[in-house]
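Next come the chains, spelled out residue by residue.
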Amino acid sequence: GVLELHWVEGQTWQHLQDALRQGPWHLFYFSGHGDYNPWIQEGEVAFADAHGLSAMLRASKLARLMADHDVLRLVILNACEGGRGSQQDIFSSTAAILVGQGVPAVLAMQYEITDQAAVTFAEVFFKALTGGWPVDAAATDARKAIYLAGNNTFEWGTPVLYMHAPDGLL
């Protein structure tokens, strides 16, 4: 009874826009593919086009889609490189662009992440969050779980949290 989950029917940005109108939503969880595009100096996430083929959506367009949903407190991008920006512009990642457009907190992956680590992160993060933990402490606990379950890699450092709230409470 702590969380109410709704799946977005479809895979296009239009389906997401339709779902956002049916809110209010406090959290948006995206599980899919992401990338940092050096040519446009901006992060992207993969949606589908009208034919079901992969279509990359620029972070600035995703941010515009979500920016006026005031009750939206947290976006989780469980996708590769959602927290990666350019060396010239540290605010060019998908996560930084979303926070810059007013989303209070964005949890993203800086680099590629294995499915096992992504699942471990999500399980532990949501257990902590539904247990009343602040979002920053929940993210730290989930990173520890990746470290403890891993095979001596630095993958535990892949999840990053961007946020405005000084106390981690959203």
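In this report, the structure presented in the accompanying data block is examined. This one's a predicted model, so the numbers in the text were calculated from it and none came from an experiment.

1. Details of the environment of Pro104
Along the polypeptide, Pro104 turns up in the loop between α3 (94-100) and β6 (105-109). Look at Pro104 and you get buried, because its relative accessible area is 9%. Pro104 sits 32 residues away from Leu72 along the chain, and the two C-alpha atoms are 7.9 Å apart.

2. Some words on the packing of aromatic side chains
According to the stated counting rule, one finds 5 aromatic pairs in the structure shown. For the pair Tyr147 and Trp156, a centre-to-centre distance of 6.4 Å together with 90° between the ring planes defines the contact as edge-to-face. A relative accessible area of 33% means that Trp156 is categorised as partly exposed. What links up through ring pairs into an aromatic cluster is the set Tyr29, Phe121, Phe125 and Phe126.

3. Observations concerning the layout of surface pockets
If you add up the space inside the second largest pocket, you get close to 190 Å³. The wall of the second largest pocket is formed by Tyr29, Ser31, Gly32, His33, Asn78, Ala79, Cys80, Ile113, Asp115, Ala118, Val119 and Ala122. Looking at the lining of the second largest pocket, the element that brings in the most residues is helix α4 (residues 115-130), giving 4 residues. Taken together, the residues of the lining of the second largest pocket sort by class into 7 nonpolar, 4 polar and 1 charged.

4. Quick look at helix α1 (residues 13-21)
Restricting attention to buried positions, one finds in α1 the residues Leu16, Ala19 and Leu20. Looking down the long axis of α1, one finds its buried residues gathered within 100° of arc, a one-sided arrangement. For α1, the elements touching its buried residues are β1 (27-31), β3 (42-48) and α2 (59-66).

5. Describing the sheet that holds β3
If you walk across this open sheet you meet the 3 strands as β2-β3-β4, and the pairing is antiparallel. Looking along the sheet, the strands with just one partner apiece sit at the ends: β2 (34-37) and β4 (54-58). With strand direction ignored, the average angle separating the axes of adjacent strands in the sheet is 40°. Relative to β4, β3 is paired through 5 bridges, and the arrangement is antiparallel. Among the inter-strand pairings, Ala46 is bridged to a residue of β4, identified as Met56. Those strands touched by α2 are β3 and β4, and its axis lies near 75° from that of β4.

Definitions and cut-offs
Residues numbered from 1 in each chain as written. Predicted model: local features only at pLDDT ≥ 70, side-chain atom pairs only at ≥ 80, totals over all residues. Heavy atoms only, no water. Helix = DSSP H or I, 4+ residues; strand = E, 2+ residues; numbered from the N terminus. Buried < 20%, exposed > 50% of the residue type's maximum accessible area, 1.4 Å probe, protein only. Phe/Tyr/Trp six-rings, centres within 6.5 Å; stacked < 30°, edge-to-face > 60°. 1 Å grid on protein atoms, 1.4 Å probe; cavity = no way out; pocket = protein on both sides within 12 Å on 5 of 7 lines; lining within 4 Å. Points joined across faces, edges and corners; volume = space filled by probe spheres on them. Nonpolar A, V, L, I, M, F, W, Y, C, P; charged D, E, K, R; others polar. Arc of directions from axis to C-beta. Contact = heavy atoms within 4.5 Å. Pairing = 2+ DSSP bridges. Axes fitted to C-alpha atoms, helices over the stretch in contact; angles between N-to-C directions.

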